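A look at the structure
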Amino acid sequence: MAIYYPILFFIGAYVLTFFTIPKIIGLVEYKNLMDNPNKRSSHVKITPTLGGVSFFYTLIFALFFLKEWSNYNESIYFIPGLTILFIVGLKDDLVILSPYTKLAAQLLSIVFILSNEGFMIHSLNGFLGINEIPVYLFYGVGGFLMLTIINAYNLIDGIDGLAAIVGIIILIIYATIFYITQEYFFALLCLTLNGSLIAFLSFNLSSNKKIFMGDTGSLIVGFVISVLTLKFLALSPEAYDSLPFLLENVPLIAISILIVPLFDTARVFTIRLANKKSPFSPDRNHTHHILIDYFKISHQQASFIIGGFNLIFVILFIILGSSSYNFYLVIALIVTVIILGYLFYRFDYSFANIKRKIIFRKKVDSIKSEVRKGREKLVHKKSKRK
């Protein structure tokens, strides 16, 4: 593949997204389709949403030109799934749908991908002693895997920059993997979506032209990442020979690439179920909320810290995966999850405790403000007497 193709797709996606997002912001503001803050929100101002609309038309436009690189006509199978999630995400951003409606739409979009033989996983190549897997098991595991990734990515879209930064890191890693394995369709797809995310990020972190990707964006990006993960696991054994890690460690490398959304989702669902709540019930118990609420850091700082951790974790696992067998990597993964869990649970971050601490801090801040105002009034009265 000529070197100018990756550059062309990346720059084309960046330019298309960068110059059309201001139009989306203008339309959203004109029609008053803004995201109003509530008690769970991390933002305090009404903010334009629907930034994910730009991802949809950029991907559809790119898929038209990408089709010549697809070995199993994958580009055609992407379009129905992307369209379904775009419509559902758009409606959810405007009127709010139930989690089960979104779940049904996700399952329908996943069916189109699983029906393409290019995504079929035939073997786990010795991971935990598992080699060949039956077709019916692939459909069950593949569907569950995609569903988990889509929702995990959707759930981390809670503060400025986080979903975009984590998405950029994941897509850079997958673009590198697919370029090395000569899966150019997927490498160019990664670069296309990355161009859109980088352009979007400049607006998402802006103070005067801010826009959120909304469910429209997070569902689409999560869907693409889930498909890339499925394809990564479905590569032939010969393709893995060019990658810098052992063949049997591929599933663990995939987990390491997605460690941030997977860990956060597993942790939040566990806490919600422990508190006898629905796993889909909203709260402020995500990792990014904890960093902001407890450590008093900005959205940008929390997003870059989490994104940096994701990148370092992947690099570490690739290094370990080049020489260590998956048993030792599984132990390393379990130990990491336990340590991360302890670091957050030691602060007793159940939903109830987070709520109590936030309320307590607000009361303290309110009392301090009243005391300050009282002192200012007293000083003012004294100055008048003089």
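Heads up: the structure comes first, above all this text.
Quick look at the structure, then. (Residues numbered from 1 in each chain as written. Predicted model: local features only at pLDDT ≥ 70, side-chain atom pairs only at ≥ 80, totals over all residues. Heavy atoms only, no water.)

Focus on helix H7 (residues 184-204)
- Its 21 residues place the ends of H7 30 Å apart at the C-alpha level, agreeing with the 30 Å of an ideal helix rising 1.5 Å per residue.
- Extensive coverage of H7 is indicated by the burial of 18 of its 21 residues. (Helix = DSSP H or I, 4+ residues; strand = E, 2+ residues; numbered from the N terminus. Expected span 1.5 Å × (residues − 1). Buried < 20%, exposed > 50% of the residue type's maximum accessible area, 1.4 Å probe, protein only.)

Examining the packing of helix H10 (residues 250-257) against helix H13 (residues 299-321)
- Two elements in contact, H10 and H13, have axes whose closest approach is 8 Å; the angle formed by their N-to-C orientations is 165°. As far as their axial angle goes, H13 and H10 are roughly antiparallel. Here H10 runs over H13; the crossing is right-handed. Residues Leu-252, Ile-253, Ser-256 and Ile-257 of H10 form the contact with H13, whose participating residues are Asn-310, Phe-313, Val-314, Phe-317 and Ile-318.
- By residue class, the composition of the contact of H10 with H13 is 7 nonpolar, 2 polar and no charged. (Axes fitted to C-alpha atoms, helices over the stretch in contact; angles between N-to-C directions. Parallel < 35°, antiparallel > 145°, perpendicular 65-115°, else oblique. Left-handed = near helix turned anticlockwise from the far one by under 90°. Contact = heavy atoms within 4.5 Å. Nonpolar A, V, L, I, M, F, W, Y, C, P; charged D, E, K, R; others polar.)

A few points about helix H12 (residues 287-295)
- Counting buried positions over the 9 residues of H12 gives 7, a clear majority of the element.
- When we look at burial in H12, the residues that qualify are Thr-287, His-288, His-289, Ile-290, Leu-291, Ile-292 and Asp-293.
- In the stretch just after H12, Lys-296 is the one whose phi turns positive, near 55°.

Some thoughts on the nonpolar core
- One finds Phe-78 and Phe-232 to be the most contacted residues of the largest nonpolar core, which totals 101 residues.
- When residues of this core are assigned to their parent elements, the largest contribution, 14 residues, is made by helix H6 (residues 162-180).
- Excluding anything up to four places from it in sequence, Phe-78 contacts Leu-63, Ile-113, Phe-119, Phe-185, Phe-186, Leu-189, Phe-223 and Val-227. (Core = buried A, V, L, I, M, F, W, Y, C linked by side-chain atoms within 4.5 Å.)

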